[in-house]
Amino acid sequence: MFIKIRYQLLQLNSIQLAFLTIWALMMLSLPIADWSTGWAALIGAITVGVSITAGLVIALLWGVWGAAATLRVAGSILVLSWAAEVVGSRTGIP
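First, a word on scope: everything that follows refers to the structure included in this document. (Residues numbered from 1 in each chain as written. Predicted model: local features only at pLDDT ≥ 70, side-chain atom pairs only at ≥ 80, totals over all residues. Heavy atoms only, no water.)

**A look at the packing of helix 3 (residues 39-65) against helix 4 (residues 67-91)**
The contact between helix 3 and helix 4 brings their axes to 7 Å, and the two run at 140 degrees. The angle between helix 3 and helix 4 falls in the class oblique. Contact residues: helix 3 offers Ile 58, Leu 61, Trp 62 and Trp 65, while helix 4 offers Ala 67, Ala 69, Thr 70, Leu 71, Val 73 and Ala 74. Broken down by class, the residue content of the contact of helix 3 with helix 4 amounts to 9 nonpolar, 1 polar and no charged. (Axes fitted to C-alpha atoms, helices over the stretch in contact; angles between N-to-C directions. Helix = DSSP H or I, 4+ residues; strand = E, 2+ residues; numbered from the N terminus. Parallel < 35°, antiparallel > 145°, perpendicular 65-115°, else oblique. Contact = heavy atoms within 4.5 Å. Nonpolar A, V, L, I, M, F, W, Y, C, P; charged D, E, K, R; others polar.)

**Considerations on the nonpolar core**
Grouped burial of nonpolar side chains is what soluble globular proteins tend to show. By size, the foremost hydrophobic cluster in this structure holds 5 residues: Met 26, Leu 30, Leu 42, Ala 45 and Ile 52. Elements supplying a minimum of two residues to this core: helix 2 (14-37) and helix 3. With 3 residues, helix 3 is the single largest residue contributor to this core. Other than its neighbours up to four places away in sequence, Ala 45 contacts Met 26 and Leu 30. (Core = buried A, V, L, I, M, F, W, Y, C linked by side-chain atoms within 4.5 Å. Buried < 20%, exposed > 50% of the residue type's maximum accessible area, 1.4 Å probe, protein only.)

**Examining the packing of helix 2 against helix 3**
Look at helix 2 against helix 3: their axes get within 9 Å of each other, and the N-to-C directions meet at 165 degrees. The orientation of helix 2 relative to helix 3 falls into the category roughly antiparallel. Along this stretch, helix 2 crosses helix 3, giving a crossing that reads as left-handed. Per-class residue counts for the contact of helix 2 with helix 3 are 17 nonpolar, 6 polar and 1 charged. (Left-handed = near helix turned anticlockwise from the far one by under 90°.)

**Examining the side chain of Gln 16**
When you line up the elements, Gln 16 lands in helix 2. Judged by its relative accessible area of 6%, Gln 16 is buried. Leave out the neighbours within four places in its chain, and Gln 16 touches Leu 56, Ala 59, Leu 60 and Gly 63.

**Section: the environment of Gly 49**
Along the polypeptide, Gly 49 turns up in helix 3. The class of Gly 49 is buried, set by a relative accessible area of 3%. Remark: the alpha-carbon pair of Gly 49 and Trp 23, spanning 26 residues in sequence, is separated by 7.0 Å. Leave out the neighbours within four places in its chain, and Gly 49 touches Met 26 and Met 27.

**Observations concerning helix 2**
The first and last C-alpha atoms of helix 2 sit 32 Å apart over 24 residues, in line with the 34 Å expected at 1.5 Å per residue. Remark: the principal bend of helix 2, roughly 35 degrees, maps to Ser 29, with a proline, Pro 31, within the next four residues. Every buried residue of helix 2 is accounted for by Gln 16, Met 26, Leu 30 and Ala 33. Following helix 2 by one or two positions, Gly 38 adopts a phi angle in the positive range, close to 100 degrees. (Expected span 1.5 Å × (residues − 1). Bend = angle between axes of the 7 residues up to and from the residue.)

Here it is as structure tokens:
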């Protein structure tokens, strides 16, 4: 199991590995941020964590799918999620 994970990690390029490392450190730091600085800092840390997660997913998909497919899917998700937020905020439907 660990050999397979190690092999898969070795297949990542430097950008993907950087995003993965930052993401892992961010996830480990969330409870520490909550404990040490409180709720206000945790909200900001969660926002940064979500952005890092999105960057990690895009970096990983870019390596597998290529630029065109990744940008097409990421753009579609961005537009659809924005539209869902607009509909939700105007109608009150979650």
